[in-house]
Amino acid sequence: MLGRRRPINRPLGLSTMSRTSAIRKTAAVLAGKATGALSRITRRGGGTTLPGDVARAIDPNILTKLAADLTKGSVVITGTNGKTTTSRLLSYLLEGAGYKIVSNRAGANLIFGATAAALNEAGPSGLLKADWGVFEIDEASLPKAIDEIKPKATLVLNLFRDQLDRYGELESIAKKIEQALSRMPANSTAILNADDPRVAEIGLGLPTKPLWFGLDDTSVAAKELPHAADARTCPKCGASLIFDAVYVGHDGVYRCPNNDFERPRPTITARNIKLDGFDRFSATIDGTHLDIPLGGLYNTYNVLAAFAVAKTLGLDATYVAERLKDFRAAFGRQERMEFRGRHLNLVLSKNPAGFNETLRTAIDLAKGNSFLIALNDRKADGTDVSWIWDVDFEHLKGKATVVVPAGNRAHDLAVRLKYAGVPAAPPETDPGKALDLLVKLTNEGDTAHLLCTYTAMLDLRAELVRRGWAKPYWET
Ligand SMILES: [Zn+2]
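If you're wondering where the values come from, they're calculated on a predicted model, not measured in any experiment.

### Brief notes about the overall build of the protein chain
Counting its secondary structure elements, the protein chain contains 14 helices and 16 strands. Taking all 476 residues of the protein chain together, 53% fall into the buried category. Counting only contacts in the protein chain whose residues sit at least 6 apart along the sequence, the fraction spanning at least 24 positions is 70%.

### Looking at the environment of A305
Structurally, A305 can be placed in helix α9 (residues 297–312). Taking the C-beta count within 10 Å as the criterion, A305 has 28 such neighbours and is therefore assigned buried. Expressed as a C-alpha distance, the spacing of A305 and F213, which sit 92 residues apart in the sequence, is 6.9 Å. What A305 contacts, discounting residues up to four positions off in sequence, is T86, L155, L157, N193 and F213.

### Here we look at the sheet that holds strand β5 (residues 189–193)
The nine strands are arranged β2-β3-β1-β4-β5-β6-β9-β10-β11 in an open sheet whose pairing can be described as mixed. Two strands lie at the open edges of the sheet, namely β2 (101–103) and β11 (288–292), each paired on one side alone. Here the average twist between neighbouring strands, direction ignored, is 20°. Note that strand β6 (residues 211–215) and strand β9 (residues 268–276) share three bridges and pair parallel. Bridge pairing in β9 places G214 opposite T269. Against the sheet, helix α4 (residues 83–96) touches β1 (73–78), β2, β3 (132–136) and β4 (153–156), its axis set at about 170° to β3. Its contacts with the sheet put helix α8 (residues 197–204) on β4, β5 and β6, and the angle it makes with β5 is roughly 150°.

### Some words on the sheet that holds strand β16 (residues 447–452)
Read from one edge of the open sheet, five strands run β12-β13-β16-β14-β15, paired in mixed fashion. Every other strand in the sheet has two partners, leaving β12 (334–339) and β15 (402–406) as the edge strands with one partner each. Between one strand axis and the next, the sheet turns by 20° as a mean value, whatever way the strands run. The pairing of strand β14 (residues 370–374) with β15 spans five bridges and is classified as parallel.

### Topic: the nonpolar core
With 94 residues, the main nonpolar core has A118, L304 and V309 as its most contacted residues. In terms of residue count, the dominant contributor to this core is α9 (eleven residues). Once residues lying within four places of it in the same chain are set aside, the contact partners of L304 are F213, I268, A270 and I285. In this structure, A362, A366, F393 and M457 belong to the second largest nonpolar core, which totals 45 residues.

### Brief notes about α8
In terms of residue burial, α8 counts as a mostly covered element, since six of its eight residues are buried. Among the residues making up α8, those that are buried are P197, R198, V199, A200, I202 and G203. Where α8 is buried, its residues meet β4, α7 (169–182), β5, β6 and β8 (251–255).

### What about unusual backbone geometry?
Positive phi, close to 60°, is recorded for N259, a residue that is not glycine. Relative to the helices and strands, N259 is located in the loop between β8 and β9. A tally of 10 C-beta atoms within 10 Å means that N259 is categorised as exposed. The phi dihedral of D286 is positive, around 50°, even though this residue is not glycine. Among the structural elements, D286 can be located in the loop between β10 (280–285) and β11.

### What about the packing of helix α13 (residues 431–441) against helix α14 (residues 454–466)?
One way to put it is that α13 packs onto α14 with a least axis distance of 9 Å and a crossing angle of 75°. Taken together, the axes of α13 and α14 are roughly perpendicular relative to one another. On the side of α13, the interface is formed by P431, G432 and L435, while α14 contributes D459, L460 and E463. Taken together, the residues of the contact of α13 with α14 break down into three nonpolar, one polar and two charged.

Cut-offs used in this document
Residues numbered from 1 in each chain as written. Predicted model: local features only at pLDDT ≥ 70, side-chain atom pairs only at ≥ 80, totals over all residues. Helix = DSSP H or I, 4+ residues; strand = E, 2+ residues; numbered from the N terminus. Buried ≥ 20, exposed ≤ 12 C-beta atoms within 10 Å, placed from the backbone. Contact = placed C-beta atoms within 7 Å. Pairing = 2+ DSSP bridges. Axes fitted to C-alpha atoms, helices over the stretch in contact; angles between N-to-C directions. Core = buried A, V, L, I, M, F, W, Y, C linked by C-beta atoms within 7 Å. Parallel < 35°, antiparallel > 145°, perpendicular 65-115°, else oblique. Nonpolar A, V, L, I, M, F, W, Y, C, P; charged D, E, K, R; others polar.

In structure tokens form, the structure reads like this:
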């Protein structure tokens with residue numbers, strides 16, 4: 001890792017100073033771009049963040065300078081779940097409206113990834129020639145991103161306890177996000193999920209009223225909070241929140257029994273929601289009917305959020321509905337493949353809230369009864385896998401006919417499934433052998449859901465690419 005260099009500290013005339021600043025910017029851009037080209041040649045994962053490291057070491061203000069080049073401005077998107085899909089939705093909408101977009105790739109959602117994305121589109125003079133920046137940013141990096149990028153709109157989708165956050169760091173992150181949003185000028189809009197108690201807490205503390213969005217259809221609500229729900233208590237008095245509806249994880253319609261905290265009334269809502277497995281859903285969003293080729297209630301949130309941002313940026317609702325009819329999900333988020341006559345459905349499920357939703361969608365809506373569940377414990381997955389005890393695998397009981405525990409922590413998963421009373425195949429840590437086992441246990445025409453943590457998804461996908469059933473991600 002390169003150290004951060006201090007700016008040269010000597011008295012300079014104003015024009016000299018701005019010239020020095022411009023030279024530093026150009027040098028940073030060139031060095032970053034050279035690094036990116038080199039890492040693509042050596043095929044080190046598509047070269048997503050290293051150029052950002054290098055450029056920031058040369059000019060710590062490089063992202064602020066590049067963001068200032070954008071003709072329209074930036075949008076910053078965060079949330080434990082859904083930020084990649086939502087960023088894709090928004091980029092797709094803006095591109096269709098004729099704008100040139102800069103956006104960071106999936107998995108590169110730290111400040112270095114955003115910097116690398118901006119560098120990629122910058123010319124040799126150092127100028128970033130684009131209209132909008134759409135940056136997906138990790139929750140912990142959001143305060144820094146807001147300060148550096150100075151976005152026109154900041155979207156917070158949800159704040160679930162992640163596998164990386166077992167010890168309440170999210171509370172302090174929420175506070176820092178609130179402070180960063182409070183520093184934004186009045187013409188910048190915070191677009192927040194009213195259904196998430198943690199996000200609501202952030203928004204209610206802001207000096208300027210945010211734009212709230214939320215679901216408004218109790219027909220798709222669950223009856224009770226899943227085990228993974230982690231924001232059950234009132235941030236004001238600590239009492240247990242009362243949920244009148246539960247949508248995804250701890251997102252729903254809630255209030256404190258002591259009347260000091262309740263879900264803010266959303267301005268932009270999704271109603272008449274009709275879910276059709278992993279394939280599609282339709283809903284009336286802000287009065288406009290949308291029919292979207294994405295499945296699951298979590299994707300209703302993503303589309304609703306993207307709609308709220310698009311409206312804020314001035315896009316027409318009819319255009320949004322028309323454009324999103326043929327949207328395609330990001331790689332690995334939700335992908336379908338054919339594999340020896342089996343229909344494989346690859347879904348990223350990286351934490352308890354995400355896992356519970358994909359399980360629910362697979363079982364109740366997609367009629368799936370074959371599963372390959374892959375759990376890894378590398379850095380990007382979270383090295384502590386005890387979060388699997390917060391996933392309601394009990395839902396599989398009596399419904400799943402085939403369950404293959406996979407990933408390098410397949411054995412831990414097998415133990416969890418045993419306690420859930422779910423019969424499973426022997427654990428298989430090798431991705432190729434796990435796929436072979438799945439094929440052996442299923443029949444032609446069967447649908448199998450592959451639910452995987454982040455690096456387990458990369459491993460399985462690499463195996464599928466090797467066998468010629470999927471494309472490498474930098475080519476999709
Ligand atoms: Zn309270």
